[in-house]
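A look at the structure
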Amino acid sequence: MRDLGTLGGSYSYALGINRRAEVVGVSATAAGQQRAFRWKQGTMIDLGTLDPSGGSSGASGINVAGHVVST
């Protein structure tokens, strides 16, 4: 088990992992938004959202090439 941290908010949870130990999931931001993330080599990256007004996003899977399935 490893603490992945957050994107500045109060929670994060993992939903997918690949053979290269890259993790994807959902994390809260400091502004209270829910965002998809990719964790790689100790760094959590905010994958953002396609909604120009901010919205929310989540990631549920990642393949060995690093392609992420997002919701």
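For the structure itself, look to the data block above.
Along each chain, residues carry numbers from 1 onward, in the same order as the chain's sequence is written. For a predicted model such as this one, the threshold for reporting local features is a pLDDT of at least 70, and the threshold for listing and counting side-chain atom pairs is 80 or more; totals across whole chains, interfaces and linings nevertheless cover every residue. Hydrogen atoms and water are omitted, and side-chain values are computed over all heavy atoms in the structure.

We now examine the side chain of R38. Strands are runs of DSSP state E lasting at least two residues, helices are runs of H or I lasting at least four, and both sets are numbered from the N terminus onward. Mapped onto the elements, R38 comes out in strand β3 (residues 34–40). Since its relative accessible area comes to 18%, R38 is described here as buried. For R38, the side chain forms a polar contact with the side chain of E22, separated by 2.7 Å. Exposure categories follow from relative accessible area, calculated using a 1.4 Å probe and restricted to protein chains: below 20% of the type maximum is buried, above 50% is exposed, and the middle band is partly exposed. Throughout this description, a polar contact denotes any pair of N or O atoms lying within 3.5 Å of each other; where both atoms belong to protein, one of them has to be capable of donating a hydrogen while the other can accept it, and for residues adjacent in sequence the pair is counted only when both atoms sit in side chains.

One bridge is not enough; two strands pair if DSSP finds at least two bridges between them. Alignment of β3 against strand β4 (residues 43–48), held across five bridges, turns out to be antiparallel. Counterpart to F37 in the pairing with β4 is D46. Adjacent in sequence and paired antiparallel, β3 and β4 are bridged by two residues, among which Q41 carries a positive phi angle near 50°.

Another aspect to go through is the packing of aromatic side chains. Geometry of aromatic contacts follows a simple scheme: Phe, Tyr and Trp rings, the Trp one being its six-membered ring, pair when their centres are within 6.5 Å, and the pair is stacked under 30 degrees between planes, edge-to-face over 60, tilted otherwise. Inspection of every chain in the model, using the stated rule, returns one aromatic pair. Each ring, one from Y11 and one from Y13, has its centre 6.2 Å from the other, and the planes form 15°; the classification is stacked. Assessed through its relative accessible area of 33%, Y11 is described here as partly exposed. Exposure remark for Y13: the relative accessible area of 39% places this residue in the partly exposed category.

One open sheet holds the four strands; their spatial order is β1-β2-β3-β4, and the pairing between them is antiparallel. Each end of this open sheet is capped by a strand with a single partner; those strands are β1 (8–17) and β4. Between one strand axis and the next, the sheet turns through 35° on average, direction left out of account. To define axes, lines are fitted to C-alpha atoms, for helices over the stretch in contact only, and angles between the resulting N-to-C directions are given on a 0 to 180 degree scale.

Notably, A21 is not glycine yet its phi reads approximately 65°, a positive angle. Mapped onto the elements of the fold, A21 is located in the loop between β1 and β2 (23–29). In this structure, Q41 is a non-glycine residue whose phi angle is positive, near 50°. Along the chain, the position of Q41 falls in the loop between β3 and β4.

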